[in-house]
Amino acid sequence: MAEGGWVQGEEEEEEEEALAWGSGVCKWFNVRMGFGFLSMNSRDGVPLEEPLDVFVHQSKLHMEGFRSLREGEAVEFTFKKSSKGLESVRVTGPKGAPCLGSERRPKSGQKRRSKSDRCYNCGEPGHHAKECQLPPQPKKCHCCQSISHMVANCPVKAQQQQQQQLHLSLSAQGTSSSQEEKEGEQSQPPPP
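These numbers come from a predicted model, not from an experiment.

A.B. asks: So, the environment of Gly24: which residues are in play, and what are the values?
C.D. replies: The topology assignment puts Gly24 in strand β1 (residues 20-30). Sequence-wise, Gly24 and Pro47 are 23 residues apart; in three dimensions their C-alpha atoms are separated by 9.9 Å. Those residues in contact with Gly24 that lie beyond four places of it in its chain are Ser39, Met40, Asn41, Glu73, Ala74, Val75 and Phe77.

Laid out in structure tokens, this is it:
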């Protein structure tokens, strides 16, 4: 006897009896997340007055390759009742055929090339320094591309930083002086 007074054999029979057969269409399917809902139109061959929603996960789809469904695709399936509602167990196309699937694929699977994916030797995209056909090039400043110094000693970068600091200090002074002007205007009585 297992917990709750169930014998393991009885539990398996109960699970098999809980499976039902349905047919309908795919209501919606998120190809990136791999799940969606089916709209069940008939249950065990009997048409339903109102369609019922049945959860579907991509792992339950009978098809080769990338598993997905397209909206409105006709499906047949076995399902069970779970704590969250109706859940599909195996989903096929009509008469047990493989599902057709969606033409869409998730965007996250596409390989993206980074802007910084360049050769450190020549600066060209499409290869790395170890594959570069040019001989080793002199090192350059990342800021101004000069070969006479590195970025830590770059006069152009130092000048840009001074201009930024000056701009920040002027804008901070302008904010405080404009606040003082507004306060001064509010304390004076309006002209007659």
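A.B. asks: Account for the nonpolar core, with residues named and values stated.
C.D. replies: Judged by nonpolar contacts, the single largest core of 17 residues is most densely connected at Leu38, Leu61, Leu69, Phe77 and Val91. Mapped onto this core, the elements with two or more residues apiece are β1, β2 (35-43), β3 (46-57), β4 (74-82) and β5 (85-92). Residue contacts for Leu69: discarding those within four places in its chain leaves Cys26, Phe29, Leu38, Val56, Leu61, Val75, Cys99, Gly101 and Ser102.

A.B. asks: Break down the UniProt feature "domain: CCHC-type" (unreviewed entry) in the protein for me, with residues and values.
C.D. replies: Look at the UniProt record and you will see "domain: CCHC-type" (unreviewed entry) annotated at residues 118-132. Along residues 118-132, the helical share is 0% and the strand share 0%, with 10 Å between the first and last C-alpha atoms.

A.B. asks: Got a sec to walk through the layout of surface pockets? Specific residues and values, please.
C.D. replies: Estimates place the volume of the largest pocket at around 430 Å³. Taken together, 14 residues line the largest pocket, and the ones lying closest to its centre are Cys119, Tyr120, Asn121, Gly123 and His142. What lines the second largest pocket is a set of 14 residues, among which Phe29, Asn30, Val31, Ser102 and Arg104 lie closest to the centre. Tallied by class, the residues present in the lining of the second largest pocket amount to five nonpolar, two polar and seven charged.

Rules used in this analysis
Residues numbered from 1 in each chain as written. Predicted model: local features only at pLDDT ≥ 70, side-chain atom pairs only at ≥ 80, totals over all residues. Heavy atoms only, no water. Helix = DSSP H or I, 4+ residues; strand = E, 2+ residues; numbered from the N terminus. Contact = heavy atoms within 4.5 Å. Core = buried A, V, L, I, M, F, W, Y, C linked by side-chain atoms within 4.5 Å. Buried < 20%, exposed > 50% of the residue type's maximum accessible area, 1.4 Å probe, protein only. UniProt positions renumbered as here; feature names shortened; annotations may be inferred. 1 Å grid on protein atoms, 1.4 Å probe; cavity = no way out; pocket = protein on both sides within 12 Å on 5 of 7 lines; lining within 4 Å. Points joined across faces, edges and corners; volume = space filled by probe spheres on them. Nonpolar A, V, L, I, M, F, W, Y, C, P; charged D, E, K, R; others polar.

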